[in-house]
Structure formats: structure tokens, C-alpha cells
Amino acid sequence: MRGMTIAEKILSAHSGKAVYAGDIAFCHIDKMMAHDANGPIAVRAFQQMGGSRVANPEGLYIIMDHACPAPYERIANLQKMMREFAHAQGATFYEAGEGVCHQLMVERGHVHAGELVLGTDSHTCTYGAVGAFATGVGATDMGAALLTGKSWFRVPQTIRINLNGTLRSCCTAKDIILTVIGRLTAAGANYRSLEFYGEYLEKCPLADRMTICNMVVEMGAKCGFTCLPTWEIQADADADYSRVLDVNLDEIVPSVAKPHMVDNYAPVSEVAGTKIHTAFLGSCTNGRIEDLRAAERFLKGKQIAHGVRLIVTPASRGVFLQALQEGIVAELTKAGAVFFTPGCGACVGTHGGVPADGEVAISTANRNFQGRMGNSRAFIYLASPETVAVSCLTGYITDPRGMEGGSR
């Protein structure tokens, strides 16, 4: 029998038999995560299936993060329902203000290499940064998994991505993944697993690996792994890949995704000079302490440009407390930033910084679809924290290279 990819190994271990790409596997689930956006629909599905007790309460995490604090009555009542459901089931519950679900699941050590994890959010794939097969599912699938503790999968084919070389100054993990998405396109990895390899991944912080895994779904991927030789689970040397992509990190430049698609790639130099009105530093992609530090290096002792609004949303309470201790909150606030409750904030567009008609937003989030930040008549550019910070200083999209502040 041929060698296996990481996805094939994890699904085989959880189905009790050897499965390969294209096979159907019925697997037990280690961990499940539901949030206040799609979680209520999943709970209703669970109840409509006759569920009263979830199959694995110890492995269930319910997190309030999408609209926190609740901006209006309907959301407040949905959050109340999820709060009561978590208490009744004995699930782990995180209250509004604790942070983004994906940050908390990794930060609090709830997911591990080799585990199979479902979430009611498409960016559940973030946990591939620690070696978990993690994927977002719809409400009905989650309801069934809550009831049975199991779910079915078509085993995905795998694309191997080799990250060769060394990143240059002011180039980041965000620039890497934007470049990869631009090359593979929004549908280029549909229902695939992605395995990223390279010396860069062995040296970069977990935050950068999370950024890369977080955005594999923007290519349609089922899951993704930033592979480390220290993981207990490894792909076999003779594993079968549907495609191998080589990426030269020496050629990576500060990058953006132009409106209104994540694969609408461009180097920052191509769009430099585009006037911005609002900026967002945060999200499950780039709201970690490393990202806030990167922005502070450019903004400390300076003022953002007149007419620019900078919203900072730490990915978790822990990140916010660390930023307080390091003086980052004070420095960014003095520069003109405003801070919002740890959570999804402006990324999802429910509240916390909706742009006006015709305005241009530059964001460290993972999506720039029309209407993503709450206004279909606004224009969103995705970029790294470094590019967002220097653009706030000039008032225009700006290449961070050569600007005071340097690289991470």
C-alpha cells in the first residue's frame, strides 16, 4: 500500500480503517467548537434531530465572539440561548470579550496534532497550525455531530506547498499566504488538504503558522497544515500529492488582495497611493500580540494621517493584557487608534467599525468580499499589519519597506 498524507492518516485513525483520497470515512470527532453566529442554528438542528444530551460535552467549546458585546436584542437573545445550552450540557463556555474562537482554541491548548476538529466557522482550518485536521461545517452537520459524536468525510486529495528561501525585510506570513492564494486562485484548492513545508515554518512563531492555515479556506481547501518535523504525525515520504507548488520566499513582496476577492492579488507597489479612510488591525488572521507589536514599531511616537480611522481588535483578552503590559495599547492609542472588544469586531461587519459608502478600508482580516465589513458599497484591501500600519501614517496604501519600523 502506498504512503499516506497527513489528512489520510488522521481520517484513517479516526475511522478505524485505512482510507485514501476519494474514500468516504465515517469518523469520531475529538473536539467541536460553536460560536454565536452559526452555533444557534446548529443547536436547533441538534434539537430537531431529537437531541437532548450532546455525545461528548468534554470536547465541546462554545464561544461568544462574532457580535460582542451584543449590539441589539436578537443577538443578545441568541447569545443567552447559547450560554444556557453550554451550561446545561457541561460544555466549556467562553463569554463575550474573551476573544476570537480560533485564537482561544489554540491559545488555551484545546487542540493538538493528530486530532479531528469541527467548528461552525469556516476558518476552523486555523488549527492546522498545531497539526489538527480542523474544518468548518454547516449547521446540520454540526447538529448531527453534537448528537452522535461522529461525522462523515470524503478524504481530500492533498497539495504540497514547499516554502523555499528566506523572507526579506517587511515581508510576512500574510504576504506568503496572499501570494499563494493569488497563484492557486479562490477555487484552486477546492476540497483539498494543503501541506506547507520549509525551514521558514520551523523558525517562525506559531502566530505566523496560524495566519497561513487560517486562510487556506480562501482557496476552497478543506484543511491545511504548516508541517513541523516535531509533530507526532507526519506524511509518508511516498505520499501521493495531487499537485506540488514551489514558492520562493526570496521573491515574496508586501502584498494585498484587492476588492472584492481574496485571490485578486497585487504587490503593494501596484496599488500604492490608493487613499484609505479606515483601517482594521485584528481578526483571527492577524490579531495576535506579534501583529500588534509589528504595528507599534511603525506607529510609536507618530500620528496616523488626518481622516484615517484605525480600529484595533485584539484576538483575545490574553493578547490585550499582554499588549497593555508591553505599553502597546498606550502607544497605538496615542498614535490615534481606537480599541474594540477582543473578538471578531469589524472583520465580520456586525458592528465595531462599518465603513461608509465609497470608503476604502485596509484590513488584516481574511476576507474582502463585497459587503464583508458591513457595507456592500465599500472597498476592502487585505494586507499585513506592517502594511496597514504604514498606510495609516501616510493616508494611502504604502509599501512598508524602507519605512522606519523595520521587520519582525
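Our structure's up above, just so we're on the same page.
Conventions used here
- Each chain has its residues counted from 1, running along the sequence as written.
- Where local features are concerned, this predicted model is filtered to residues with pLDDT of at least 70; where side-chain atom pairs are given and counted, the filter is 80 or more; whole-chain, interface and lining totals use all residues.
- Note that water and hydrogens are dropped before the side-chain values are worked out from all heavy atoms of the structure.
- Each helix is a run of DSSP H or I of at least 4 residues and each strand a run of E of at least 2, with the numbering of both proceeding from the N terminus.
- Exposure is judged per residue with a 1.4 Å probe applied to protein chains only, and the accessible area is read against the type maximum: over 50% gives exposed, under 20% gives buried, and values in between give partly exposed.
- In what follows, a contact means two residues having at least one pair of non-hydrogen atoms within 4.5 Å.
- Note on areas: these come from Shrake-Rupley sampling with a 1.4 Å probe, and a residue is covered only by the protein chains present in the view.
- For the charge count, each Lys or Arg is scored as positive and each Asp or Glu as negative, with His and the chain ends excluded.
- To locate a charge, the coordinates of NZ of Lys, CZ of Arg, CG of Asp or CD of Glu are taken.
- Inter-axis angles, ranging from 0 to 180 degrees, are taken between N-to-C directions of lines fitted to C-alpha atoms, where helices are fitted over the stretch in contact.
- Working rule for angles: under 35 degrees goes down as roughly parallel, over 145 as roughly antiparallel, 65 to 115 as roughly perpendicular, anything else as oblique.
- By definition, turning the near helix anticlockwise from the far helix through less than a right angle yields a left-handed crossing, and turning it clockwise yields a right-handed one.
- Under the grouping applied here, Gly and all other residues not named as nonpolar or charged are polar, the nonpolar ones being Ala, Val, Leu, Ile, Met, Phe, Trp, Tyr, Cys and Pro and the charged ones Asp, Glu, Lys and Arg.
- A carboxyl oxygen of Asp or Glu within 4 Å of a side-chain nitrogen of Lys or Arg is what we treat as a salt bridge.
- Only residues whose relative accessible area exceeds 30% and that form no salt bridge enter a patch; like-charged residues are grouped when within 9 Å of one another, and nonpolar side chains (Val, Leu, Ile, Met, Phe, Trp, Tyr) when within 5 Å.
- When two cysteine sulfur atoms are found within 2.5 Å, that pair is recorded as a disulfide.
- Between the rings of Phe, Tyr and Trp (Trp by its six-membered ring), a pair exists once the centres lie within 6.5 Å; its type follows the angle of the planes, with under 30 degrees stacked, over 60 edge-to-face, and the other angles tilted.
- DSSP-based pairing: two strands are paired if at least 2 bridges between them are found.

### What about the overall build of the protein?
On a plain count of helices and strands, the protein comes out with 14 helices and 18 strands. Judged by the C-alpha coordinates and their principal axes, the protein covers about 60 × 50 × 40 Å. Residues classed as buried in the protein amount to 59% of the 408 residues present. For the protein, the proportion of contacts with a sequence separation of at least 24, taken over those separated by at least 6, is 76%. When the accessible surface of the protein is summed, it comes to about 14800 Å², and 51% of that surface belongs to carbon and sulfur atoms. Between the centroid of the 36 positive side chains of the protein and the centroid of its 39 negative side chains there is a distance of 3 Å.

### What about the packing of helix α11 (residues 289-299) against helix α14 (residues 385-394)?
At a closest axis distance of 8 Å, the pairing of α11 and α14 adopts a crossing angle of 30°. Overall, the two elements α11 and α14 adopt an arrangement that is roughly parallel. As α11 runs across α14, the sense of the crossing is right-handed. For the pair α11 and α14, the contacting residues are Asp 291, Ala 294, Ala 295, Arg 297, Phe 298 and Leu 299 in the first and Pro 385, Glu 386, Ala 389, Val 390 and Leu 393 in the second. Across the contact of α11 with α14, the residue classes tally to eight nonpolar, no polar and three charged.

### So, the pattern of salt bridges
If you walk through the whole model with that rule in mind, you get 15 salt bridges. Glu 199 is the salt-bridge partner of Lys 203, the closest N and O atoms lying 2.8 Å from each other. In this pair, Lys 203 and Glu 199 both sit in helix α7 (residues 199-203), four residues apart, roughly one turn of the helix. The residue Arg 377 makes a salt bridge to Asp 357 at a minimum N-O spacing of 3.0 Å. Taken together, the residues Arg 377 in the loop between β17 (360-363) and β18 (379-382) and Asp 357 in the loop between β16 (337-339) and β17 connect sequence positions 20 residues apart. Shared partners join several salt bridges into a network, and the residues in it are Glu 98, Glu 107, Arg 108 and Arg 317.

### What about a nonpolar patch on the surface?
On the surface, a nonpolar cluster with roughly 370 Å² of combined accessible area is contributed by Ile 24, Phe 26 and Trp 152. For Trp 152, the location among the structural elements is in strand β7 (residues 150-154). Judged by its relative accessible area of 52%, Trp 152 falls in the exposed class.

### Some remarks on the state of the cysteines
Evaluated as defined, the whole model comprises zero disulfides. With no disulfide of its own, Cys 344 lies closest to Cys 101 among cysteine sulfurs, the gap being 6.0 Å. For Cys 344, a relative accessible area of 9% gives the class buried.

### Let's talk about the packing of aromatic side chains
Under the definition given, this model contains three aromatic pairs. With centroids separated by 5.9 Å and ring planes inclined at 75°, the aromatic side chains of Phe 46 and Phe 85 adopt a geometry described as edge-to-face. Linking Phe 46 in helix α2 (residues 39-48) with Phe 85 in helix α3 (residues 73-89), this pair joins segments that are 39 residues apart in sequence. By relative accessible area, which is 1% here, Phe 46 ends up buried.

### Some details on the sheet that holds strand β4 (residues 92-94)
Spatially, the five strands line up as an open sheet ordered β4-β3-β2-β5-β6, and their pairing is parallel. Looking along the sheet, the strands with just one partner apiece sit at the ends: β4 and β6 (133-136). In this sheet, adjacent strand axes meet at a mean angle of 15° when their direction is disregarded. Bridge count for strand β2 (residues 31-35) against strand β3 (residues 60-63) is four bridges, and the pairing is parallel. Following the sheet pairing, Ala 34 is matched in β3 by Ile 62.

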